[in-house]
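Inside the fold
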Amino acid sequence: MTDNAVAARGDACLPPGLTATVEIVVPVYNEERALPGCIDVLRDYLGRCFPFEWTITVVDNASTDRTPVVAAELADRHRGEVRLLRLERKGRGLALRTAWARSQADVVVYMDVDLSTGLDALLPLTASLVNGHSDVAIGSRLARGARTLRGPRREIISRAYNALIRVTHGVGFTDAQCGFKAARTEVVRPLLEKIEDDGWFFDTELLLLAEYNGLRVQEVPVDWVEDVDSRVQVVSTAVDDIKGLIRVARAKASGAARVPDLPRRPEPRAAHPDAVLADRRGGGMLWQVLSFGAIGVLSSVAHLGLYALLRMWLPVLLANLLALTITTMLNTEANRRFTFAGSRGSTARTHLLGLVVFALYYALTSGALLVLHAVNANPPRLLELMVLICACVLGTAGRFLLLRGWVFGRASTSSES
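What you see is a predicted model; the values in this text were computed from it and never measured.

If you tally the helices and strands in the protein, you get 12 helices and 9 strands. Sequence-distant contacts in the protein: of pairs separated by 6 or more residues, those separated by 24 or more amount to 78%. In the form shown here, the protein has an accessible surface area of approximately 21,200 Å², with 62% of it arising from carbon and sulfur atoms.

Sheet architecture is open: 7 strands sit in the order E3-E2-E1-E4-E7-E5-E8, paired in mixed fashion. Sheet topology places strand E3 (82–87) and strand E8 (217–221) at the edges, where each strand pairs with a single neighbour. The average angle at which neighbouring strand axes cross in this sheet is 20°, direction not considered. With 8 bridges joining them, strand E1 (residues 21–28) and strand E2 (residues 53–61) adopt parallel strand pairing. When the sheet's bridge partners are listed, Val-26 is paired in E2 with Val-58. In the packing of helix H1 (residues 35–49) onto the sheet, the strands contacted are E1, E2, E3 and strand E4 (107–111), and the crossing angle to E2 comes to about 165°. Along the sheet, helix H7 (residues 202–212) contacts E4, strand E5 (136–140), strand E7 (180–184) and E8; its crossing angle with E5, the most-contacted strand, is approximately 130°.

Moving on, we get to the pairing of E7. Of all 5 residues making up E7, 5 are buried, and the element is well covered by its neighbours. Of the two faces of E7, the one lined by Phe-180, Ala-182 and Arg-184 and the one lined by Lys-181 and Ala-183 are each fully buried. The sheet contact formed by E4 and E7 spans 5 bridges and is antiparallel. Residue pairing for E7: Val-107 is matched across the bridge by Arg-184. Taken together, the 3 bridges between E5 and E7 define a ladder with antiparallel strand orientation. By the bridge assignment for E7, Ala-137 is matched with Ala-182.

So, about the packing of aromatic side chains. Both the distance between ring centres and the angle between the ring planes are used here to describe each pair of aromatic rings. Per the counting criterion, the structure on display carries 2 aromatic pairs. In this structure, Lys-90 is placed above the aromatic ring of Tyr-29, and the distance from its NZ or CZ to the ring centre is 4.2 Å. In this structure, Arg-258 packs its charged tip against the face of Tyr-212, placed 4.3 Å from the ring centre.

Here we come to the side chain of Arg-184. Its location among the elements puts Arg-184 in strand E7. Taking relative accessible area as the criterion, Arg-184 reaches 2% and is therefore assigned buried. In terms of polar contacts, Arg-184 uses its side chain to reach the side chain of Asp-135, at 2.9 Å.

For helix H3 (residues 92–102), a buried count of 9 out of 11 residues is recorded, marking the element as mostly surrounded by other parts of the structure. Looking only at H3, the buried set comprises Arg-92, Gly-93, Leu-94, Ala-95, Leu-96, Arg-97, Thr-98, Ala-99 and Trp-100. Close packing links the buried residues of H3 with E1, E2, E3, E4, helix H6 (185–194) and H7.

Considering every residue of the protein, the mean pLDDT works out to 81; 85% of them sit at 70 or more. Note that residues 1–15 has pLDDT below 50 and, in this model, 32 contacts with residues that lie over four places away or in other chains. Low confidence marks residues 412–417, where pLDDT is under 50. Its contacts with residues over four positions away, or in another chain, come to 10 contacts.

Structurally, Val-107 is set in strand E4. Distance from Val-107 to Arg-184, taken between C-alpha atoms, is 4.6 Å for residues 77 residues apart in sequence. Here Val-107 is in contact with Thr-21, Val-22, Glu-23, Thr-126, Leu-129, Val-130, Ala-182, Ala-183 and Thr-185, once residues within four sequence places are set aside.

Here we come to the pairing of E4. Along E4, 5 of the 5 residues are buried, which leaves the element largely enclosed by surrounding structure. A two-sided burial pattern is seen for E4, the buried positions comprising Val-107, Val-109 and Met-111 on one face and Val-108 and Tyr-110 on the other. Inspection of the sheet shows E1 paired to E4 by 4 bridges, in the parallel sense. Among the inter-strand pairings, Val-22 is bridged to a residue of E4, identified as Val-107.

To continue, consider a nonpolar patch on the surface. Together, Leu-382, Leu-385, Met-386, Ile-389 and Val-393 make up an exposed nonpolar region whose accessible area comes to about 490 Å². Relative to the helices and strands, Met-386 resides in helix H12 (residues 381–416).

What counts, and where the lines are drawn
For every chain, the first residue of its written sequence is number 1, and the numbers climb from 1 along that sequence. In view of the model being predicted, local features appear only for residues whose pLDDT reaches at least 70, and side-chain atom pairs are presented and counted only at 80 or more, with totals across whole chains, interfaces and linings using the full set of residues. Remark: hydrogens and water are excluded; side-chain values derive from all non-hydrogen atoms of the structure. Secondary structure is summarised from DSSP: a helix means a run of H or I of at least four residues, a strand means a run of E of at least two, and numbering begins at the N terminus for each. The criterion used for residue contact is that any of the two residues' heavy atoms lie within 4.5 Å. The accessible surface values rely on the Shrake-Rupley method and a 1.4 Å probe; as for residues, cover is taken only from the protein chains in view. For two strands to pair, DSSP has to find at least two bridges joining them. For helices, the fitted line uses only the C-alpha atoms of the stretch in contact; every axis is such a line through C-alpha atoms, and the angle between N-to-C directions lies from 0 to 180 degrees. For every residue, the accessible area obtained with a 1.4 Å probe (protein chains only) is divided by the maximum for its type, and the residue is called buried under 20%, exposed over 50%, and partly exposed between those limits. Pairing of aromatic side chains requires ring centres within 6.5 Å, counting the rings of Phe and Tyr and the six-membered ring of Trp. Pairs whose planes differ by under 30 degrees are stacked, by over 60 edge-to-face, and all others tilted. A positively charged side chain is recorded as over a ring if its NZ (Lys) or CZ (Arg) lies within 6 Å of the ring centre. The angle to the ring normal must also be within 35 degrees. Think of a polar contact as two N or O atoms within 3.5 Å of one another; within protein, one of them needs to be a possible hydrogen donor and the other a possible acceptor, and neighboring residues in sequence only count if both atoms come from side chains. On a scale of 0 to 100, pLDDT captures the predictor's confidence in every residue. Within this analysis, patches are made of residues with over 30% relative accessible area and no salt bridge. Like charges are joined at 9 Å or less; nonpolar side chains (Val, Leu, Ile, Met, Phe, Trp, Tyr) at 5 Å or less. Any Lys or Arg side-chain nitrogen found within 4 Å of a carboxyl oxygen on Asp or Glu counts as a salt bridge.

Take a look at the structure:
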């Protein structure tokens, strides 16, 4: 940040006369028609309504029409306000990576050339970055308060993709693809070195890495109107996005997604000197036992219902295995969010360890029955039931202790290292 900006991450405030420089990047590919109107509207808005020092950078992604000529004319006409950066290779992610990495501004922004997102969201998007409260800010078409006008096809695809991200990565943000994002430059530079995608998945990868590394991602509900003159190839983009989600999940599980040089946000602390603090691990042992038991009951009901549904198409063992696996992952996620609410870390690693714990539980209960039948080939049903109940009780207690001390205890420790 500039000399006037706040240096202390944990004590961000907005002192009188605070200034910041903001660079707004507009990536374009064959946009000779849309570019002049975009720059005119954007300059007019920034001049009237934006309080910080600003620059617009048009990044041309190897356009084959007159876009480079049009952009050069605009940069010459509005010298000092509009700049042109020409790249000889396509890729929106490449455009943002190149422009943001070279930027000397305190805050970098990107928006689509069609200006589908209402510009009134620009100041809320950047204000929390200027004073250090947030690290990355994104416009969201799916957050409460957002208003959108778009066709059912893009609505369904967008909601399905963002739901997939939340299920597979356990993220908190709602809209990864809205073309309206900003970041503190000092924070985004280390992230850029980790991001591998140069295409449309760049946005999602940026947000996944930011949240995984403990950065604060702020969502701003936006007004958004669809422009049907889009360069997005839906099918190929969807395939690339799914591949990207798998790649980032593997990086999280291996620890490769950790960014060592990233400025760390300090732990929350009470402002009042006499505050009585809550138990960070979710309310103590009593709460954890009660929550674990309630989630276990709900998981059992879900398992039975899912098994009954899958049994309509699958054989017994496969239906039971799928039902158990799915409900175990849901059980682990519920315990992560409620029972051990203070724990943080890789969602993928947490679920992998949760499945390992379940496998041990399954081996214990099955092993108890196998040992019983090895000792007595035809045991009474009552004895078999009693052995299974004892094994389940022992396995449940062991599963709780492993989740508490290994799965979530390890996640919390690794996130703070």
